[in-house]
2 protein chains.
Amino acid sequence: MERMVVVGGDAAGMSAASGARRLRGPGELEIVAFERSPFASYSACGIPYWIGGDVAERDSLIARTPEEHRERGIDLRTRHEVTEIDVGAQRVRSRDLVAGTETWTGFDKLVIATGARPVRPRLPGIDAPGVHGVQTLDDGQALLDALGRTAGRRAVVVGAGYIGVEMAEALLKRGFDVTVVNRGEQPMATLDPDMGLLVHEAMDALGITTVDGADVTGIPTGGDGRVRAVSTAEGEYPADVVVLGIGVEPETTLAGAAGLPLGVYGGLLTDRAMRVRGHENVWAGGDCVEVHDLVSGRERHVALGTHANKHGQVIGANVGGGYATFPGVVGTAVSKVCDLEIARTGLREKDAREVGLRFVTVTVESTSRAGYYPDAAPMTVKMLAELRTGRLLGVQIVGREGAAKRVDVAAVALTAGMTVEQMTALDLGYAPPFSPVWDPVLVAARKAAAAVRAASG
Amino acid sequence: MERMVVVGGDAAGMSAASGARRLRGPGELEIVAFERSPFASYSACGIPYWIGGDVAERDSLIARTPEEHRERGIDLRTRHEVTEIDVGAQRVRSRDLVAGTETWTGFDKLVIATGARPVRPRLPGIDAPGVHGVQTLDDGQALLDALGRTAGRRAVVVGAGYIGVEMAEALLKRGFDVTVVNRGEQPMATLDPDMGLLVHEAMDALGITTVDGADVTGIPTGGDGRVRAVSTAEGEYPADVVVLGIGVEPETTLAGAAGLPLGVYGGLLTDRAMRVRGHENVWAGGDCVEVHDLVSGRERHVALGTHANKHGQVIGANVGGGYATFPGVVGTAVSKVCDLEIARTGLREKDAREVGLRFVTVTVESTSRAGYYPDAAPMTVKMLAELRTGRLLGVQIVGREGAAKRVDVAAVALTAGMTVEQMTALDLGYAPPFSPVWDPVLVAARKAAAAVRAASG
């Protein structure tokens, strides 16, 4: 009987295992999955909301328990860490983290789903008590415990990307004074700086102090060895607790050591079927791979649960004897800080320049509902379109309720390769409680189409 | 100097006038617009929310006053009704409703934007005091006055389409006991009956009595001549006030008399530039035209402010010497009854059958946010896909907050001619406050893709 071995038991790995199991029963395919933590299939993206108190229980974040996977015929070995992949001999070495023993396990099909690891700069004090990451459920529990124990109310978040701003909200909700220390020109470097500025202003209004352009130089500790501040070239920010939200990088140490192909961001390179390039029997998915950006034509690293789930589903279908592909991403992401909604898809100005595209940009102000309808909330939509062709290149939205998911319209239009002129005619849902008579995305498309005509003439 | 004459001063007509004016100044083009009411450019779609009290003032519904149009160099003549169009002689006859005089006005370019008229079945009692339409601002004011005067608290709404269900909400908010009498099998005949049933159940839960399959036979009046009930073959429903929300039909009496081409629904037929077919200098847009359905390939009548605005914009560009087209609709519509959100796009089962398409349907239950996130609200998504090709044919959604505008993803996918298999890979915005890791539309697409494979194999 064939054996499928899965390295990493979170979204991509367990989706692959479950998908393969649906197509091939326990009599046809043995499935062994190794996971170093005690958990499988949990929502790391939900951790900030658990910390902030929106989600009461850690276990709510667990989509399926290890036992549930085992009942479905998957030999899931939690607290087992894979320490070596031997591609040639088709086997992996794993260590039982409880017993301390090591074993080799052979495979016919291998799925690498080792995820990402948080960026942890080598800084003095980075490992001091009171400095927390928020990557795993254990990290989350440790932070929650620390927040409960700390008498002080000063929290510093390092990084102002998705995790940084979500953690700023969470700490604010827990009653902390929050300072976000951010290396970039503005928060949310996944937006252009003009749109990031809107986020900065909104965070100000929420009472979150945001320090931009600040390189952290160290994390000074007190006499008790605990963190007491975050230092930058410009000054020191007192801290009773520090949360690192600097971002993640692909965890491909094992894959690299095994000689598997890695891209410029350190992620595994796969084909459309999520097979590792040049390796017939090895698949990879989730935060440890690079994905194809359909707009720029380049590979990127995007750590996002929704992609991990899609990868897992594709791998499961292919390993199970079916057929599925993951064509790539357009770079859609949504987030919020309290009632501020932030969304982006496609290319920023600098992304477009980097691949040699010339473009127009337009920015419009509109509202989530008809202006006369209660709770019509303002939103700003920025749109990029290519010169001459008028092809949509990207959209960024900052607003309040009803803003973020509007980016999906642009995500589909990018996937379809639509021009902004074509977008002006889109038949989007209209009724006063849901949209002005011209949806904000249509307003932006009209202005972008006019700008393309003016600039291309 | 050329003269542009506009018949009808609401969304399509005044958008056309304004658009042409932006391109050609008062020294190049004279613009005369005739409007029979005292108002121009108002949001008829907002009337139910004004009646219900969400919108406090009638004037909030007026996007631009007659004076504002005049200041922009448009000779807008309110309280003037066009009574004849003489296409051959290039002139229209209008009556000044105040002075009672009639005048002929010549045109070089004519825009017909006469809108729609409410369906008003010939029933005994239909013109009795207490029976109200909700098509115009004057209708709205009359109904509001009547609601204030009426001591009784029993309201009957005839019709359970968009206007009917929105008026049911409005009357409920005004403290009335509301009965909706509906000829169709379920409310919202723009949905398939299985999805309409969900609307029926939700209306029940809101305390709105919905009587389906009920043909109104008359509107009995009391001794004072006022309405006292609505009669059907099955019984009588006592009423202190009756609201007609049966739908509308194109108002093309003048156009028909002038020999202009009308379609099977009685709407004017235009080309892509919104020019009336066969007439170089006559344009038409808004609720008085039929539109091309990009999914079925047929003409339809869809009375919706968002289309009217687009038509007006296209006409304005073309009359102004620019170039724009309206390629057609995919049939997107969104609505709500209290917190119930209703959306549809593309073809229903019966529409698909009518044009000879064979298809699969799937229905899935999902939520607006990650299941563990507060206020994750259930939604039901139904999807139709063509057999063999797997092309998306339609989507219907019934749910709570966050449900309706998800239909926009399907609207763009329909426009782009995507297959449901392609849709499974769409890069839609994901974060726990905004979506489960698989967006409900993606869940439906996955199930539909599987159904297409199973049925086409």
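Along each chain, numbering runs from 1 in the same order as the chain's sequence is written. Working convention: letters from A go to chains and numbers from 1 go to ligands, in the order in which they are written. The model is predicted, so local features are restricted to residues of pLDDT at least 70 and side-chain atom pairs to those at 80 or more, both for listing and for counting; the totals for chains, interfaces and linings are taken over all residues. Side-chain figures throughout are based on the complete set of non-hydrogen atoms in the structure, without hydrogens or water.

By the naming in an unreviewed UniProt entry, chain A is Flavoprotein oxidoreductase, taken from Streptomyces marianii. UniProt positions are given in the numbering used here, feature names are shortened, and annotations may be inferred rather than shown by experiment. Checking UniProt for chain A, the heading Sequence similarities (unreviewed entry) contains the comment "Belongs to the class-III pyridine nucleotide-disulfide oxidoreductase family."

Visitor: Residues and numbers for helix α12 (residues 440–456) of chain B, please.
Guide: Working note: α-helix, 3.6 residues per turn, so residues spaced by three or four point in the same direction. The first and last C-alpha atoms of α12 of chain B sit 24 Å apart over 17 residues, in line with the 24 Å expected at 1.5 Å per residue. Only protein chains enter the accessibility calculation, which uses a 1.4 Å probe; a residue is then buried when its area is under 20% of its type maximum, exposed when over 50%, and partly exposed in between. For the purposes of this entry, the term helix denotes a DSSP run of H or I that reaches at least four residues, the term strand denotes a run of E that reaches at least two, and both are numbered from the N terminus. Residues of α12 of chain B that are buried: Pro440, Val441, Leu442, Ala444, Ala445, Ala448, Ala449 and Val452 of chain B. Contact definition: two residues touch when any of their heavy atoms are within 4.5 Å. Buried residues along α12 of chain B sit in contact with α8 (305–319) of chain A together with β23 (359–367), β24 (378–386), α10 (407–415) and α11 (420–423) of chain B. Helix span is expected to be 1.5 Å times the residue number reduced by one.

Visitor: An account of the interface of chain A and chain B is requested, with residue identities and associated values reported.
Guide: Across the boundary between the two partners, chain A contributes 58 residues, which contact 58 residues of chain B. Buried area is calculated as the accessible area (1.4 Å probe) missing from two parts once they are joined, with the contributions of both summed. Interface area, chain A with chain B, both sides summed: about 4800 Å², of which 67% is carbon and sulfur. Every case where a carboxyl oxygen of Asp or Glu lies within 4 Å of a side-chain nitrogen of Lys or Arg is listed as a salt bridge. Linking chain A to chain B there are two salt bridges. Here Asp439 of chain A makes a salt bridge to Lys405 of chain B, at a shortest N to O gap of 2.7 Å. Any N or O atom pair separated by 3.5 Å or less is treated as a polar contact, with the protein-specific requirement of one donor-capable and one acceptor-capable atom, and with residues adjacent in sequence counted only for side-chain atom pairs. Counting across the interface, chain A meets chain B through 18 residue pairs in polar contact (both at pLDDT 80 or more). Secondary structure elements with two or more residues in the side of chain A that touches chain B: α8, β21 (333–337), α10 (407–416) and α12 (440–456) of chain A. In terms of residue count, α10 of chain A provides more of the side of chain A that touches chain B than any other element does, seven residues in total. For this classification, the nonpolar set comprises Ala, Val, Leu, Ile, Met, Phe, Trp, Tyr, Cys and Pro, the charged set comprises Asp, Glu, Lys and Arg, and every other residue, Gly included, is treated as polar. Its residues assigned to classes, the side of chain A that touches chain B shows 30 nonpolar, 16 polar and 12 charged.

Visitor: How would you sum up unusual backbone geometry? Please name residues and give values.
Guide: Phi is positive for Met188 of chain B, which is not a glycine, with a value near 55°. On the accessibility criterion, Met188 of chain B (1% relative accessible area) is buried.

Visitor: Account for the pattern of salt bridges, with residues named and values stated.
Guide: According to the stated counting rule, one finds 69 salt bridges over all chains in the structure shown. Between Arg275 of chain B and Glu280 of chain B there is a salt bridge, and its shortest N-O distance comes to 3.5 Å. One connected set of salt bridges, linked through shared partners, spans Asp192, Asp194, Glu349, Arg353 and Lys382 of chain A.

Visitor: Hey, could you go over the packing of aromatic side chains for me, with residue numbers and the actual values?
Guide: For Phe, Tyr and Trp, where Trp contributes only its six-membered ring, two rings pair if their centres lie within 6.5 Å, and the inter-plane angle classes them as stacked under 30 degrees, edge-to-face over 60, or tilted in between. Tallied over the full model, the rule gives four aromatic pairs over all chains. Look at Phe39 of chain A and Tyr42 of chain A: their rings are 6.4 Å apart centre to centre, the planes differ by 75°, and that puts the pair in the edge-to-face class. Among the residues examined, Phe39 of chain A registers a relative accessible area of 11% and is labelled buried. Since its relative accessible area comes to 13%, Tyr42 of chain A is described here as buried. For the ring pair Tyr373 of chain A and Tyr49 of chain B, a centre distance of 5.2 Å and an interplane angle of 80° mean the geometry is edge-to-face. One end of the pair, Tyr373 of chain A, is in the loop between β23 (359–367) and β24 (378–386); the other, Tyr49 of chain B, is in helix α2 (residues 47–51), on a second chain. A single burial state applies to Tyr373 of chain A and to Tyr49 of chain B, both of which are buried.

Visitor: Quick one: what's the story with the sheet that holds strand β4 (residues 80–86) of chain B, residue by residue and with numbers?
Guide: Two pairing modes exist for strands in a sheet, parallel and antiparallel, and in both the strands are linked by backbone hydrogen bonds. Residue and element names in this part refer to chain B. We treat two strands as partners when DSSP finds at least two bridges between them. Read across the sheet, three strands follow the order β4-β5-β6 without closing on themselves; strand pairing throughout is antiparallel. This sheet does not close on itself; its edge strands, each paired only once, are β4 and β6 (102–106). When the angles between neighbouring strand axes are averaged without regard to direction, this sheet yields 30°. Direction of pairing for strand β5 (residues 91–96) relative to β6: antiparallel, over a ladder of five bridges. Looking at β6, one finds that Arg91 is bridged to Gly106. Helix axes are fitted only over the stretch in contact, all axes being lines through C-alpha atoms; the angle between N-to-C directions runs from 0 to 180 degrees.

Visitor: Can you tell me about the state of the cysteines, naming the residues and giving the values?
Guide: Residues and elements named next belong to chain A. Disulfides are defined as cysteine sulfur pairs within 2.5 Å. A full pass over the atoms with the stated rule returns zero disulfides over all chains. Considering cysteine sulfurs only, Cys45 is the nearest to Cys288, which forms no disulfide, with 16 Å between them. Judged by its relative accessible area of 0%, Cys288 is buried.

Visitor: Pulling in residues and values, what's your account of the environment of Val295 of chain B?
Guide: Residue and element names in this part refer to chain B. By secondary structure assignment, the location of Val295 is in the loop between β19 (291–292) and β20 (299–300). Of the residues examined, Val295 reaches a relative accessible area of 7% and is grouped as buried. Taking C-alpha positions, Val295 is 7.2 Å from Leu347, a pair spaced 52 residues apart along the chain.

Visitor: Can you tell me about the domain arrangement of chain A, naming the residues and giving the values?
Guide: Residues and elements named next belong to chain A. For chain A, the assigned domains read domain 1 (2–117 + 248–319), domain 2 (120–244) and domain 3 (333–452). An automatic or database domain assignment is the source of the domain bounds shown. Computed from C-alpha atoms alone, the centre-to-centre distance between domain 2 and domain 3 is 31 Å. The interface is formed by 18 residues belonging to domain 2 together with 22 residues belonging to domain 3. When domain 2 packs against domain 3, close to 1600 Å² is buried across both sides, 64% of that on carbon and sulfur atoms. Interface area lost by domain 2 to domain 3 is led by Glu169, Asp192 and Met195, which between them contribute 34%. Counting across the domain 2 and domain 3 interface gives three salt bridges. A salt bridge links Asp192 to Lys382, with the nearest nitrogen and oxygen atoms 3.0 Å apart. Where domain 2 meets domain 3, there are nine residue pairs in polar contact (both at pLDDT 80 or more). Looking at the side of domain 2 that touches domain 3, the elements that each hand over two or more residues are α5 (162–173) and α6 (193–206).

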